[in-house]
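If you want the building blocks of each chain, they are given just below.
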Amino acid sequence: LGDRRLRRDECSGARVAVIFELGPPLRVIALRGQESRRYARGFVSGPSGSFAGTEHAGRQSGIQMNLTLPGAALLFGVPLSEYFGRALPLAFEELLPAERDLSERLFHAGDSSANPWPARFAVLLEWLRGRLAVGQPLLAQPGFHAVQAVLASMERGESSVNDFADQLGYSRKHLTALFRRFAGAAPGTIQRLQRFASLLDVLRAESRADRKSAAQIALDCGYYDQSHCIREVRAWSGTTPGALPELLSTRLVG
């Protein structure tokens, strides 16, 4: 990475991030413990409330897809619990062993063109269509659509987990089992991740001068009050809401 490294700490929240690296080397660093790992051609980051840092030498090129939890289940065809809170190499040894050359095809697509991006996106779209066709049997599995509907309602801040279970005629235990299968974690954990991701989106989008009060932001993002927000932020990131904007910024570290 040389002597002038740029660092950005990120959190996937209740999404699965798929990174196709097409430029200079990118390192992924666990915020706690400072472990560093190089993922050739990119990586898949499962849903997580923990921050991970990415470092590069000042220039990057790539493609990032942010998948919903049901979308990731359809695409990869394995329980999300297998990579919840983990990063896996884009070689897909654990997810899609037959697709090890995908990142190479993306890298070389449009080599003869001054603008390779249309060719790269065409390759990616073709691959996505094929993968989603393979994942169609998942749609017929009992509970998949129920989890998908509940996740959408949760993102809109509607009802409680018990309310969702009652509406579907499920016990909370059964709904939790379905969530662990198709979303990777219990409904309560997903709700916490969604609230945290909503808070991060607000902090990214608004400048400090335009930002609402901390109490109002907490309420807007679904927290009971400011104290609840502070406790949740500490649990996920080890820091305070006020310190999050600095973590989210790109900064020189070497």
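Preceding this paragraph is the structure being described.
Let us look at the structure shown here. Model, not experiment: these values are computed from the prediction. (Residues numbered from 1 in each chain as written. Predicted model: local features only at pLDDT ≥ 70, side-chain atom pairs only at ≥ 80, totals over all residues. Heavy atoms only, no water.)

## Description of the layout of surface pockets
The condition that has to hold: For cavity detection a 1 Å grid was placed over the protein atoms alone, and a set of points counts as a cavity when a 1.4 Å probe fits there but cannot get out; an open set counts as a pocket when protein lies on both sides within 12 Å along at least five of seven lines, with lining residues being those that have an atom within 4 Å of a point. Grid points are joined across faces, edges and corners, and a volume is the space filled by probe spheres set on the points. Gly falls in the polar group here, along with every residue not listed as nonpolar (Ala, Val, Leu, Ile, Met, Phe, Trp, Tyr, Cys, Pro) or charged (Asp, Glu, Lys, Arg).
Each pocket or cavity is described by its volume, and for the second largest pocket that value is around 210 Å³. Here the residues of the lining of the second largest pocket are counted per class, giving 9 nonpolar, 2 polar and 3 charged.

## Re the sheet that holds strand β7 (residues 62-67)
For the record, the criterion: Here, any two strands with at least 2 DSSP bridges between them count as paired. Each helix is a run of DSSP H or I of at least 4 residues and each strand a run of E of at least 2, with the numbering of both proceeding from the N terminus. For helices, the fitted axis covers only the stretch in contact; all axes are lines through C-alpha atoms, and the angles between them, taken along N-to-C directions, range from 0 to 180 degrees. By the convention used here, residues are in contact when the closest approach between their heavy atoms is within 4.5 Å.
Judged by pairing direction, the sheet is antiparallel, and its 4 strands sit side by side in the order β7-β2-β5-β8 without closing on themselves. One side of each edge strand has no neighbouring strand; the edge strands of this open sheet are β7 and β8 (87-89). The average undirected angle you get between the axes of adjacent strands in this sheet is 15°. Packed onto the sheet, helix α1 (residues 69-76) meets β2 (16-21), β5 (42-45) and β7 and runs at close to 115° relative to β7.

## Some details on the packing of helix α4 (residues 144-155) against helix α6 (residues 172-182)
Operational definition: If an angle is under 35 degrees, it is roughly parallel; if it is over 145, roughly antiparallel; if it lies from 65 to 115, roughly perpendicular; otherwise it is oblique.
Two numbers describe how α4 lies on α6: the axes approach to 10 Å, and their chain directions differ by 90°. If you check the angle between α4 and α6, you find them roughly perpendicular. Along the contact surface, α4 presents F144, V147, V150, L151 and M154, while α6 presents L178, F179 and F182. Considered class by class, the residues forming the contact of α4 with α6 number 8 nonpolar, no polar and no charged.

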